[in-house]
Amino acid sequence: MQATEYQPILTDSYSSVAEFNPEAGSLYIFGEGVEERTSHVTRLKSENPDVIFLQIISETQSEFNVIGDKEPYYLRSQISFAKFWEKAKGTRKVYVDMTGLTHPVWAALLRVALKLPQEVLFVYVEPNNYIRSTAPVDGQIFELSARITGIAPLPGFAVLSAKSHVDPLFACLLGFEGTRLKHIIEKIDPNYEDIIPIIGVPGFKPWYLFETFLGNRTTLSENSIWQSVLYAPAHCPFSCFYTLGDLHEEFPNRAIKIALVGTKPHALGAVLFHLADFCATELIYDHPIRKHGRTDGTERLHVYHVSAIMKLANQKIMPRLPGEVAMN
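Residues numbered from 1 in each chain as written. Predicted model: local features only at pLDDT ≥ 70, side-chain atom pairs only at ≥ 80, totals over all residues. Heavy atoms only, no water.

Points about the sheet that holds strand β12 (residues 195-200)
Here is the rule we go by: A pair of strands counts as paired when DSSP detects no fewer than two bridges linking them. Segments assigned H or I by DSSP are reported as helices when at least four residues long, segments assigned E as strands when at least two residues long, and all are numbered from the N terminus. Comment: axis = line fitted to C-alpha atoms, over the contacting stretch for helices; angle = value between 0 and 180 degrees taken between N-to-C directions. For this analysis, residues touch if any pair of their heavy atoms sits within 4.5 Å.
Reading across from one edge, β13-β12-β11-β14-β15 is the order of the 5 strands in this open sheet, with parallel pairing throughout. Two strands bound the open sheet, and with one partner strand each, they are β13 (230-232) and β15 (281-284). Direction aside, the axes of adjacent strands within the sheet are offset by 25° on average. Set on the sheet, helix α5 (residues 208-215) makes contact with β11 (169-174), β12 and β13; between it and β12 the angle comes to about 145°.

See the structure below:
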């Protein structure tokens with residue numbers, strides 16, 4: 001990989017959801033969601049009659065349904081996705097609003113959407129607040145997940161080969177839920193010296209750094225894992241993408257396992273890095289069941305130009321933040 005003098009602007013950020021409207025003639029895909037911050041689509045639909053809106057409902061780890069369609073779409077079926085993406089024919093751009101979608105669904109949509117002729121953009125809305133637990137325990141200070149379904153690959157994403165499993169790095173994208181991180185480490189059993197936490201700094205709120213350390217303090221303190229912490233802005237998938245690229249450049253002969261227990265934008269960055277195929281990677285996900293009302297309010301809205309970074313990745317060029325240089 002190499003540095004590039006041209007640095008594309010990959011994210012459009014809006015201080016409120018009211019400032020954003022999708023381009024006329026586009027397809028806008030969104031999920032019903034379990035949080036207040038997904039309700040911004042109601043306004044978008046009323047103010048943008050020239051945009052096709054497609055609502056996804058009834059998501060599972062293997063399929064999803066769209067309002068108005070009788071048959072479900074299967075996440076591992078090329079035929080099913082070919083039928084789904086027929087809805088994009090004749091549109092100018094494709095927006096995927098990941099705010100209310102589960103990881104298996106938005107990741108599967110991304111994997112196929114990047115092959116479309118249209119420009120693909122992902123949308124994410126930050127919450128105003130996360131709901132704190134009324135009975136907090138170590139590793140669970142917010143009411144975010146009702147339970148963990150279990151560790152399993154995201155549908156359609158390959159698992160590392162046995163050869164690639166030898167001596168992998170273990171990058172952990174951290175959020176507030178230390179219980180999820182602890183569960184994944186217990187199941188995957190990596191070497192502690194290979195664990196590299198990646199924390200969202202700055203966070204959606206300035207103090208979220210401390211909440212993340214608090215939620216994960218038990219695991220981070222074991223064998224001084226906290227000394228290996230790396231930082232990337234919580235709202236920026238591309239910074240996470242670059243950070244994973246830096247790890248690959250520092251350890252070019254090692255595979256990277258990536259635990260998706262952090263922010264959704266960071267997870268997007270990890271999935272993009274996996275799809276870019278710079279090195280052998282495996283995405284580790286525990287498929288939590290989200291609690292209803294886990295957040296309240298809305299803050300900034302971000303539009304991510306995912307097609308732009310993948311065009312560079314397809315040329316095996318690693319985009320960089322301004323001022324960065326390639327590692328020798």
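Concerning the environment of Arg 76
Secondary-structure assignment places Arg 76 in the loop between β5 (73-74) and α2 (78-84). A sequence separation of 81 residues divides Arg 76 from Phe 157, and the C-alpha atoms of the two residues are 9.1 Å apart. The residues contacting Arg 76, other than those within four sequence positions of it, are Gln 61, Ser 62, Pro 153, Pro 155 and Gly 156.

Examining the pattern of salt bridges
How we decide: Any Lys or Arg side-chain nitrogen found within 4 Å of a carboxyl oxygen on Asp or Glu counts as a salt bridge. Categorising residues by exposure relies on relative accessible area from a 1.4 Å probe, with only protein chains included: less than 20% of the type maximum marks a residue as buried, more than 50% marks it as exposed, and the intermediate range marks it as partly exposed.
Counted under the stated rule, the structure contains 11 salt bridges. A salt bridge links Asp 286 to Arg 180, with the nearest nitrogen and oxygen atoms 2.7 Å apart. Separated by 106 residues along the polypeptide, Asp 286 in the loop between β15 and β16 (288-290) and Arg 180 in helix α4 (residues 178-188) bring together distant segments of the chain. There is no split in this pair, since Asp 286 and Arg 180 are both buried.

Remarks on the packing of aromatic side chains
What counts here: We call Phe, Tyr and Trp rings a pair once their centres come within 6.5 Å, taking the six-membered ring for Trp, and we label the pair stacked below 30 degrees between planes, edge-to-face above 60, and tilted otherwise.
Counted according to the given criterion, the structure contains 19 aromatic pairs. A centroid spacing of 6.3 Å and a plane angle of 55° characterise the contact between Phe 64 and Phe 81, whose relative ring orientation is tilted. Within this pair, whereas Phe 64 is found in strand β4 (residues 63-66), its partner Phe 81 is found in helix α2, the two being separated by 17 residues in sequence. Residue classification places Phe 64 among the buried positions, given a relative accessible area of 0%. Pairing Tyr 73 with Phe 84 gives two aromatic rings, centres 5.2 Å apart and planes at 75°, and the pair type is edge-to-face.

Bear in mind that shape data such as this cannot, by itself, settle questions of function.
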